[in-house]
Amino acid sequence: MNTVAPTRFGAGLARWASLGGILYVVLFVIGVILMFDGEPSSDASPAKVIAYYSKSSHRDKIAIGWIIAGLGIFFFLWFLSSLRRTVRRLEGDDGFLTGLTTIGGAIYATLAFAGIAVNMGIRTMSDDTYHHTVYPGLIHAADDAGYVLHATGGAGAAAMIIAATLAGMRAGAIPTWAGWLGVIAGILALGSIIFLPQAAIGLWILIVSGGMFIRGMRTGGTGAPAAPA
């Protein structure tokens, strides 16, 4: 009796944690929209950039977007833990794909955190500068650095996606066609410097997050969890 309750609690927690993937995608998209909506284009004149970032309301909007996007990444970590649990059960005793899934997802989350932090910190730094001075060149650098950091994390996302998908395919838990779609999504994630692969990462996370939760509801946490697709 002492071991049944903790096991059920762990299974229930992992089942609900799997929804973290959906929360991540939704919150991250909302946060990014708030951070970048309405900002001057990269080739805008310095005067236009200074006028935009000199307004405290615009800086506040960026900060709110950063908080929302960061909260989304927090929920991604819960999803990653649930995904790791799923892959571990599918893989059995080997552990190679489980480790790769975990490391890849952790790298993706770390660089996503760093990307939005660098971007927000530099773009709102006029709050603490002399006479609230805005530096257009640094604003442009912040946009580029934040985007490249997040895109570089695509390599980690690729490892996570491919490893989790291979575990599902090897265990026969997902159809072959779904497995190959997952592998393709992982390969695309390597090119995250382009926007489309980033959308593929988000779509994969949405599908897997929902799939793990639905499977967990059906099995009550007692059967084999849903395989990543």
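The structure presented is a predicted model; accordingly, all values stated were derived computationally and were not measured.

Chemist: Can you tell me about the overall build of the chain, naming the residues and giving the values?
Modeler: Helix and strand counts for the chain come out as nine helices and zero strands. Traced from its N-terminal end to its C-terminal end, the chain shows the element sequence α-α-α-α-α-α-α-α-α. Across the 229 residues in the chain, those meeting the buried criterion constitute 45%. For the chain, restricting intrachain contacts to residue pairs at least 6 apart in sequence, the fraction spanning at least 24 positions comes to 78%. Just so you have it, the chain exposes about 11,500 Å², and 71% of that area is on carbon and sulfur atoms.

Chemist: Tell me what's going on with helix α2 (residues 20-36), and back it up with residues and numbers.
Modeler: With 17 residues, α2 extends 24 Å between its outermost C-alpha atoms, agreeing within 8% with the 24 Å of an ideal straight helix rising 1.5 Å per residue. Buried residues of α2: Gly20, Gly21, Tyr24, Val25, Leu27, Phe28, Gly31 and Met35, and no others. Looking one or two places after α2, you find Gly38, whose phi comes out positive at around 85°.

Chemist: Go over the pattern of salt bridges with me, naming the residues and quoting the values.
Modeler: Enumeration over the complete set of coordinates arrives at three salt bridges. A salt bridge links Glu39 to Arg123, with the shortest nitrogen-to-oxygen separation between them at 2.7 Å. Here Arg123 lies in helix α5 (residues 96-123) and Glu39 lies in the loop between α2 and α3 (46-53), a separation of 84 residues in the sequence. Taking relative accessible area as the criterion, Glu39 reaches 22% and is therefore assigned partly exposed. Among the salt bridges present, the one from Glu91 reaches Arg170, with a minimum N-O distance of 3.7 Å. Linking Glu91 in helix α4 (residues 56-91) with Arg170 in helix α7 (residues 154-170), this pair joins segments that are 79 residues apart in sequence.

Chemist: Outline the packing of α4 against α7, supporting the account with residue identities and numerical values.
Modeler: At a closest axis distance of 9 Å, the pairing of α4 and α7 adopts a crossing angle of 35°. Where α4 crosses over α7, the handedness of that crossing is left-handed. Note on element contacts: α7 touches α4 through Met160, Ala164, Ala167, Gly168 and Arg170, opposite Phe76, Leu80, Leu83, Val87, Leu90 and Glu91.

Chemist: Before we move on, could you go through the packing of aromatic side chains and cite the residues and values that matter?
Modeler: Two aromatic rings, taken as a pair, are described by how far apart their centres are and by the angle between their planes. Tallied over the entire structure, the rule returns nine aromatic pairs. With centroids separated by 5.3 Å and ring planes inclined at 65°, the aromatic side chains of Phe74 and Phe75 adopt a geometry described as edge-to-face. Three or more aromatic residues link up through ring pairs in this structure, and these residues are Tyr24, Phe28, Phe76, Phe79 and Tyr108.

Chemist: Explain the side chain of His150 to me, and be specific about the residues and the numbers.
Modeler: Looking at the element boundaries, His150 is found in helix α6 (residues 136-152). Judged by its relative accessible area of 13%, His150 is buried. What His150 contacts, discounting residues up to four positions off in sequence, is Tyr24, Phe28, Tyr108, Leu111, Ala112 and Gln198.

Chemist: Requested: an account of the confidence of the model for the chain, with residues and values cited.
Modeler: Chain-level pLDDT for the chain is 87 on average; 90% of the residues reach the 70-or-more range. Mean pLDDT values for the elements of the chain range from 66 in helix α1 (residues 4-17) up to 96 in α2. For the stretch residues 222-229, pLDDT sits under 50, and the model shows 29 contacts to residues farther than four places along the chain or on other chains.

Chemist: Describe the nonpolar core, with residues and values.
Modeler: Ranked by size, the top nonpolar core spans 29 residues in total, and within it Tyr24, Phe76, Phe79, Leu83, Trp204 and Ile205 carry the most contacts. At the level of secondary structure, the elements contributing two or more residues to this core comprise α2, α4, α5, α7, α8 (176-189) and α9 (195-219).

Chemist: How would you summarise the environment of Arg170 if you had to cite specific residues and measurements?
Modeler: You can call Arg170 exposed: its relative accessible area is 55%. When the C-alpha positions of Arg170 and Glu91 are compared, they lie 7.9 Å apart, and in sequence the two are 79 residues distant. In this view, Arg170 contacts Glu91, Asp94 and Leu97; residues no more than four positions away in its chain are not counted.

Chemist: Outline the environment of Pro136, supporting the account with residue identities and numerical values.
Modeler: Mapped onto the elements, Pro136 comes out in helix α6. According to the relative accessible area criterion, Pro136 is partly exposed, its value standing at 23%. Here the alpha-carbon distance between Pro136 and Pro46, two residues 90 residues apart in the chain, equals 5.7 Å. Once residues lying within four places of it in the same chain are set aside, the contact partners of Pro136 are Pro46, Val49 and Ile50.

Chemist: So, the environment of Gly92: which residues are in play, and what are the values?
Modeler: By the element assignment, Gly92 lies in the loop between α4 and α5. A sequence separation of 75 residues divides Gly92 from Ala167, and the C-alpha atoms of the two residues are 9.6 Å apart.

What counts, and at which threshold
Residues numbered from 1 in each chain as written. Predicted model: local features only at pLDDT ≥ 70, side-chain atom pairs only at ≥ 80, totals over all residues. Heavy atoms only, no water. Helix = DSSP H or I, 4+ residues; strand = E, 2+ residues; numbered from the N terminus. Buried < 20%, exposed > 50% of the residue type's maximum accessible area, 1.4 Å probe, protein only. Contact = heavy atoms within 4.5 Å. Areas by Shrake-Rupley, 256 points an atom, 1.4 Å probe, with all protein chains shown as cover. Expected span 1.5 Å × (residues − 1). Salt bridge = Lys/Arg side-chain N within 4 Å of Asp/Glu carboxyl O. Axes fitted to C-alpha atoms, helices over the stretch in contact; angles between N-to-C directions. Left-handed = near helix turned anticlockwise from the far one by under 90°. Phe/Tyr/Trp six-rings, centres within 6.5 Å; stacked < 30°, edge-to-face > 60°. pLDDT = per-residue confidence, 0-100. Core = buried A, V, L, I, M, F, W, Y, C linked by side-chain atoms within 4.5 Å.

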